[in-house]
Amino acid sequence: MSFPEDFRWGAATAAYQIEGATAEDGRGPSVWDTFARTPGKVLGGDTGDVAVDHYHRYREDVALMADLGLRAYRFSVSWPRVQPDGAGTANTAGLDFYRRLVDALLEAGIEPWPTLYHWDLPQALEDAGGWPERETAHRFADYATIVHDALGDRVHHWTTINEPWCAAFLGYASGEHAPGRIDAAGSLRAAHHLMLGHGLAVEGMRARHPGNHFGAAVNLYAISPASGVDADLDAARRIDGMQNRFFLDPLLRGAYPADVLTDLEGFGLDEAIKDGDLATINQPVDHLGVNYYSRFTVTGVPGEATQAATSPFASHSPWVGSDFVRFVDGGRPVTGMGWEIDESGLLELLSRLHGEYPAVDLYITENGAGYDEELGGDDTVHDQDRIAYLDAHLRACHAAISEGVPLRGYFTWSLLDNFEWAWGYSKRFGLVHVDYATQRRVPKESARWYAGVIRHGGLPEGHR
Ligand code: FCB
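Residues numbered from 1 in each chain as written. Predicted model: local features only at pLDDT ≥ 70, side-chain atom pairs only at ≥ 80, totals over all residues. Heavy atoms only, no water.

### With respect to the nonpolar core
Convention followed: Nonpolar core, defined: a set of buried Ala, Val, Leu, Ile, Met, Phe, Trp, Tyr and Cys residues in which side-chain atoms within 4.5 Å join the residues together. Here the term buried applies to any residue with accessible area under 20% of the maximum for its type, exposed to any over 50%, and partly exposed to those in between, with areas from a 1.4 Å probe on protein chains only. For the purposes of this entry, the term helix denotes a DSSP run of H or I that reaches at least four residues, the term strand denotes a run of E that reaches at least two, and both are numbered from the N terminus. We call two residues in contact whenever any of their non-hydrogen atoms come within 4.5 Å of each other.
If you look at the biggest cluster of nonpolar residues, it comprises 134 residues, and the most contacted ones within it are Trp 32, Tyr 117, Phe 169 and Phe 246. Among the elements that make up this core, the one with the highest residue count is helix H9 (residues 184-208) (eight residues). Not counting the four nearest positions on each side in its chain, Trp 32 is found in contact with Tyr 16, Val 42, Trp 119, His 177, Ala 178, Phe 419, Trp 421 and Ala 422. Within the second largest apolar cluster, nine residues are counted, among which are Ala 236, Ile 239, Phe 296 and Val 325.

### Digging into unusual backbone geometry
Omega for the bond connecting Ala 178 with Pro 179 falls within 30 degrees of zero, at 5°, which places this linkage in the cis form. Within the element layout of this structure, Pro 179 appears in the loop between helix H8 (164-172) and H9. With omega at 15°, the peptide bond leading from Trp 413 into Ser 414 counts as cis. Note that Ser 414 resides in the loop between strand S9 (407-413) and strand S10 (432-434). For Ala 21, which is not a glycine, the phi torsion comes out positive at approximately 50°.

### Considerations on the side chain of Thr 160
Selection criterion: The definition of a polar contact used here is a pair of N or O atoms within 3.5 Å, where within protein one atom must be able to donate a hydrogen and the other to accept one, and adjacent residues in sequence count solely through side-chain atom pairs.
Positionally, Thr 160 belongs in strand S4 (residues 157-162). Owing to a relative accessible area of 0%, Thr 160 belongs among the buried residues under this scheme. Side-chain polar atoms of Thr 160 contact the side chain of His 198, separated by 2.6 Å. Excluding anything up to four places from it in sequence, Thr 160 contacts Thr 115, Leu 116, Tyr 117, Phe 140, His 198, Ala 201, Val 202, Met 205, Gly 215 and Ala 216.

### Observations regarding the site of the ligand
The test is simple: A cutoff of 4 Å decides nearness: a residue is near a molecule or strand if any of its heavy atoms lies inside that distance of it. Each accessible area is a Shrake-Rupley result for a 1.4 Å probe, and residues are judged covered by the shown protein chains and nothing else.
Around the ligand sit Gln 17, His 118, Trp 119, Asn 162, Glu 163, Tyr 293, Glu 366, Trp 413, Glu 420, Trp 421 and Phe 429, and those are all the residues in its vicinity. For the ligand, an oxygen atom lies 2.9 Å from a polar atom in the side chain of Glu 366. Glu 420 has a polar side-chain atom sitting 2.7 Å from an oxygen atom of the ligand. Within the complex, the protein chains bury 96% of what would otherwise be the 290 Å² of accessible surface of the ligand.

### What about the pattern of salt bridges?
Put simply, the rule is: We count a salt bridge whenever a side-chain nitrogen from Lys or Arg sits within 4 Å of a carboxyl oxygen from Asp or Glu.
Under the defined criterion, the tally for this structure stands at 39 salt bridges. Put simply, Asp 259 and Arg 237 hold a salt bridge, and the shortest N to O gap is 2.8 Å. Taken as a pair, Asp 259 in helix H11 (residues 258-263) and Arg 237 in helix H10 (residues 230-253) lie far apart in primary sequence, 22 residues in all. Sharing partners across several salt bridges, the network here consists of Asp 234, Arg 237, Arg 238, Asp 240, Arg 245, Asp 259, Asp 263, Arg 352 and Glu 356.

### Some details on H8
Given 3.6 residues per helical turn, the α-helix brings residues three or four places apart onto the same face. Of all nine residues that make up H8, nine are buried, and the element is covered over most of its length. Within H8, burial applies to Pro 164, Trp 165, Cys 166, Ala 167, Ala 168, Phe 169, Leu 170, Gly 171 and Tyr 172.

### What about the packing of aromatic side chains?
Rule in force here: Ring geometry is summarised as follows: Phe, Tyr and Trp rings, the Trp one being its six-membered ring, pair when their centres sit within 6.5 Å, and such pairs are stacked at plane angles under 30 degrees, edge-to-face over 60 and tilted between the two. Look at NZ for Lys and CZ for Arg. If either is within 6 Å of the ring centre and within 35 degrees of the ring normal, a charge sits over the ring.
On inspection of all chains with the given rule, the structure shows 40 aromatic pairs. With a centroid separation of 4.8 Å and an interplanar angle of 50°, the aromatic rings of Trp 32 and Trp 421 are classed as tilted. A residue pair is termed long-range when its members are at least 10 positions apart, and Trp 32 in helix H2 (residues 31-37) and Trp 421 in the loop between S9 and S10 qualify at 389 residues. According to the relative accessible area criterion, Trp 32 is buried, its value standing at 0%. A connected cluster of aromatic rings, assembled from ring pairs, spans Tyr 16, Trp 32, Phe 35, Trp 119, Phe 419, Trp 421, Tyr 425 and Tyr 436. Against the face of Phe 324 rests Arg 238, its NZ or CZ located 3.8 Å from the ring centre. Stacked on the ring of Tyr 357, the Lys or Arg Arg 253 has its end atom at 4.1 Å from the ring centre.

Honestly, it's all geometry; don't read function into it.
In structure tokens, the structure reads:
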């Protein structure tokens with residue numbers, strides 16, 4: 001099962017999850033520093049203060065990537081390293097880190113794929129109101145052009161925002177992520193302003209380097225109604241609306257979905273949308289990043305099944321709250337995160353994007369499996385479950401390409417074990433195991449397997 005010659009084989013990480021060095025070289029505090037320090041917010045009281053010390057060990061990490069044969073590496077730029085207070089001129093020492101990283105990647109023949117916002121909002125901007133404030137979108141665009149001015153001559157693929165759904169709804173509706181606010185109306189404004197920030201940033205960056213490629217990364221789910229009854233179909237419509245179409249439609253079609261706007265009446269979103277915003281959000285993009293992990297099964301039948309803890313919509317989002325939607329067990333095997341494994345959902349999503357949305361190059365910008373695994377006595381990790389997960393999802397990618405879907409690359413989440421947000425260090429997603437006490441890196445079996453896939457440009461025929 002070969003993939004196209006120029007398929008981009010990659011792996012992904014994010015700044016706060018790997019860098020550490022949170023108080024070095026002039027970096028300012030981010031909302032995640034504050035949140036992680038707030039008792040009870042992150043499992044075990046873990047923080048990103050040290051993380052996997054990538055800030056100091058990036059050369060070793062680039063060498064690991066080269067050993068794997070990665071063609072591309074998706075990382076994120078920490079906004080508070082570049083602008084410690086979220087505004088004004090750049091902190092040169094912070095930007096220099098990304099200059100060094102990009103140089104090291106290019107020397108190793110690995111294409112750098114930066115993401116400009118992977119959730120570490122400068123705390124000063126949160127203190128001024130955060131993403132629910134329109135001004136934050138403008139601040140983001142300024143920051144994006146600063147980074148792009150520094151690297152845009154050598155870095156050609158730019159992702160603006162990562163998973164606006166998580167940033168808005170986990171950050172401002174359920175409070176499970178930084179900044180931990182529980183404010184339904186504010187979370188909707190946050191979502192709109194994240195997308196507005198994306199549009200403004202693309203506009204600003206493209207004006208400087210029209211030849212570069214720009215896009216956003218969204219987390220999409222396959223959604224199934226628990227049955228064919230109307231209440232279940234409506235629940236599936238609502239969750240598909242908030243999880244997928246609420247982001248895809250403005251980004252790719254320039255309009256919020258009408259049914260979702262009806263669900264959201266009374267929550268103040270309309271007032272936040274100003275003339276021209278949707279045209280700005282709907283900037284032409286060169287690629288769409290798809291982060292795919294799982295399928296949700298939902299019911300709208302009152303009293304049936306228990307609410308799974310997989311969605312902030314559970315109790316804090318009145319428009320799809322538990323009166324309308326409950327998440328039910330779809331009966332599939334799960335990863336160590338409790339996330340149901342369903343590679344058919346990835347094919348379904350990719351076909352849908354291809355069939356229903358304007359043509360744009362697609363990349364899987366995240367896909368992977370987290371477990372609470374340990375290094376074995378033989379000094380490796382026999383992560384057969386992860387290999388099976390990746391293999392199945394890559395087969396789905398191959399099937400999508402065979403159907404004509406313009407899928408151009410795949411970045412697995414993640415290169416290294418790292419700080420898994422509210423789960424702290426308890427869940428490991430890496431191809432490479434990290435001993436958090438010594439920072440020693442040991443490639444897992446999955447790393448060797450993935451290196452083989454890249455070397456052969458595909459997978460063996462037939463199922464594993
Ligand atoms: C995604 C995040 C990423 C990582 C994976 C497991 O939602 O973008 O940072 O935590 O989940």
